[in-house]
Amino acid sequence: RLPESYVEQNFPKNKFIVGYAGTIGKSNNLHSMIDLARDLEESGVDHFHFMILGEGYKKAEIQEHAKGLSNVTFLEKIPKKEVNDFLEKCDVLYDGVISVTLYEFGISRNKWIDYMLSGRPILASYTGYLSLINEADCGIAVPAEDIKGLRKALEHFYEMQPEELKAMGERGKQFVIENRTFDRLATEYIELFN
């Protein structure tokens, strides 16, 4: 578990937390997350806070892009066993990609599995076939790099009743448990040949 002192020191009180955990690289498109944070702060909206956990070759660039924003926190990498605890302490989890035609038929993002297992809804900035998020009905996806769409989706999450938000996240968790365990996948693979 995350130490209580870590939570006290890093998680702002009375904020709706949008979290990201993972590599900070080009394909993760954290520029859109920062653009969303800037759009909200410049509009005087102060009830959202964005937390980025991780390392990567684009981290310095993303930190520079977020310079001057009071609603963004960057956190150093933590032990893998504590990442799920970080995810569970967020209200919504962000994942983004750059807009490329390669994703038209979908992608297999391990991050979505990790996010779903945390029981938190997903805010995806992604253009392409969504499969997991659609099948589990566990989040909202808007076209990649669409900041207005991201803001509208985030405001929708904020306006949901806490139990609705929790139920959306739980749908993702249940979907993974029921459909993506090794036992289940092995059974489906064997059935292909029977």
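Quantities reported herein were computed from a predicted structural model and do not represent experimental measurements. (Residues numbered from 1 in each chain as written. Predicted model: local features only at pLDDT ≥ 70, side-chain atom pairs only at ≥ 80, totals over all residues. Heavy atoms only, no water.)

Draft legend 1. A look at the overall build of the protein. Along the protein, the regular secondary structure elements total nine helices and six strands. Per-residue burial for the protein yields a buried fraction of 47% across its 194 residues. Counted over contacts in the protein with a minimum sequence separation of 6, partners at least 24 positions apart contribute 69%. Only carbon and sulfur atoms are counted for the fraction: they give 52% of the accessible area of the protein, which is about 10,400 Å². (Helix = DSSP H or I, 4+ residues; strand = E, 2+ residues; numbered from the N terminus. Buried < 20%, exposed > 50% of the residue type's maximum accessible area, 1.4 Å probe, protein only. Contact = heavy atoms within 4.5 Å. Areas by Shrake-Rupley, 256 points an atom, 1.4 Å probe, with all protein chains shown as cover.)

Draft legend 2. Local environment of unusual backbone geometry. In this structure, Asn-14 is a non-glycine residue whose phi angle is positive, near 55°. Classification of Asn-14 as exposed rests on a relative accessible area of 76%. Positive phi, normally seen in glycine, also occurs at Glu-145, with a value near 70°. As for its position among the elements, Glu-145 is in the loop between strand S6 (139-142) and helix H7 (147-159). For Glu-145, a relative accessible area of 42% corresponds to the partly exposed category.

Draft legend 3. Expanded view of the nonpolar core. Core analysis: the largest hydrophobic core is formed by 60 residues, its most contacted members being Phe-50, Ile-52, Phe-86, Leu-154 and Phe-157. Ranked by residue count, the leading element in this core is helix H2 (residues 30-42), at six residues. In contact with Phe-86, other than residues within four places in its own chain, are Leu-2, Phe-11, Tyr-20, Ala-21, Met-51, Leu-53, Leu-75 and Ile-78. (Core = buried A, V, L, I, M, F, W, Y, C linked by side-chain atoms within 4.5 Å.)

Draft legend 4. Structural context of the pairing of strand S4 (residues 92-96). S4 sits mainly inside the fold: five of its five residues count as buried. The alternating pattern of S4 places Val-92, Tyr-94 and Gly-96 and Leu-93 and Asp-95 on opposite faces, both of which are buried. As paired elements, strand S1 (residues 16-21) and S4 share two bridges and run parallel to each other. Each residue of the ladder has a partner; that of Gly-19, found in S4, is Leu-93. Here S4 runs beside strand S5 (residues 122-125); their pairing, made up of four bridges, is parallel. (Pairing = 2+ DSSP bridges.)

Draft legend 5. Quick look at the sheet that holds strand S3 (residues 72-75). The strand order S3-S2-S1-S4-S5-S6 describes an open sheet built from six strands, whose pairing is parallel. Pairing within the sheet leaves two strands with one partner each, and these edge strands are S3 and S6. Direction aside, the axes of adjacent strands within the sheet are offset by 20° on average. Two elements, S1 and strand S2 (residues 48-53), share six bridges in a ladder whose sense is parallel. Bridged to Tyr-20 within S2 is Ile-52. (Axes fitted to C-alpha atoms, helices over the stretch in contact; angles between N-to-C directions.)

Draft legend 6. Structural detail: the packing of aromatic side chains. Evaluated as defined, the whole model comprises five aromatic pairs. With centroids separated by 5.7 Å and ring planes inclined at 55°, the aromatic side chains of Phe-11 and Phe-86 adopt a geometry described as tilted. You can see Phe-11 sitting in the loop between helix H1 (4-10) and S1 and its partner Phe-86 sitting in helix H4 (residues 80-88), a full 75 residues away along the chain. We classify Phe-11 as buried; its relative accessible area is 9%. Considering the side-chain rings of Phe-16 and Phe-48, the 5.6 Å spacing of their centres and the 90° angle between planes classify their relative orientation as edge-to-face. A residue pair is termed long-range when its members are at least 10 positions apart, and Phe-16 in strand S1 and Phe-48 in strand S2 qualify at 32 residues. Here Phe-16 and Phe-48 have matching classes, each one buried. (Phe/Tyr/Trp six-rings, centres within 6.5 Å; stacked < 30°, edge-to-face > 60°.)

Draft legend 7. Region of the structure containing H7. Taking 1.5 Å per residue, 13 residues should reach 18 Å; H7 reaches 18 Å between its end C-alpha atoms and fits that length. Those residues of H7 that fall on the buried side of the exposure criterion are Ile-147, Gly-149, Leu-150, Arg-151, Ala-153, Leu-154 and Phe-157. The N-cap of H7, judged by a side-chain oxygen 3.3 Å from the amide nitrogen of Lys-148 a few residues on, is Asp-146. (Expected span 1.5 Å × (residues − 1). Polar contact = N/O pair within 3.5 Å; in protein donor to acceptor, adjacent residues only side chain to side chain.)

Draft legend 8. The pairing of S5, seen in detail. By the alternation rule, side chains of S5 split into Ile-122 and Ala-124 and Leu-123 and Ser-125, which are all buried. Of the strand pairs in this sheet, S5 and S6 are connected by four bridges, and their pairing is parallel. Note that in S6 the partner of Leu-123 across the bridge is Ile-140.

Such coordinate-based values are descriptive only and should not be taken to indicate function.
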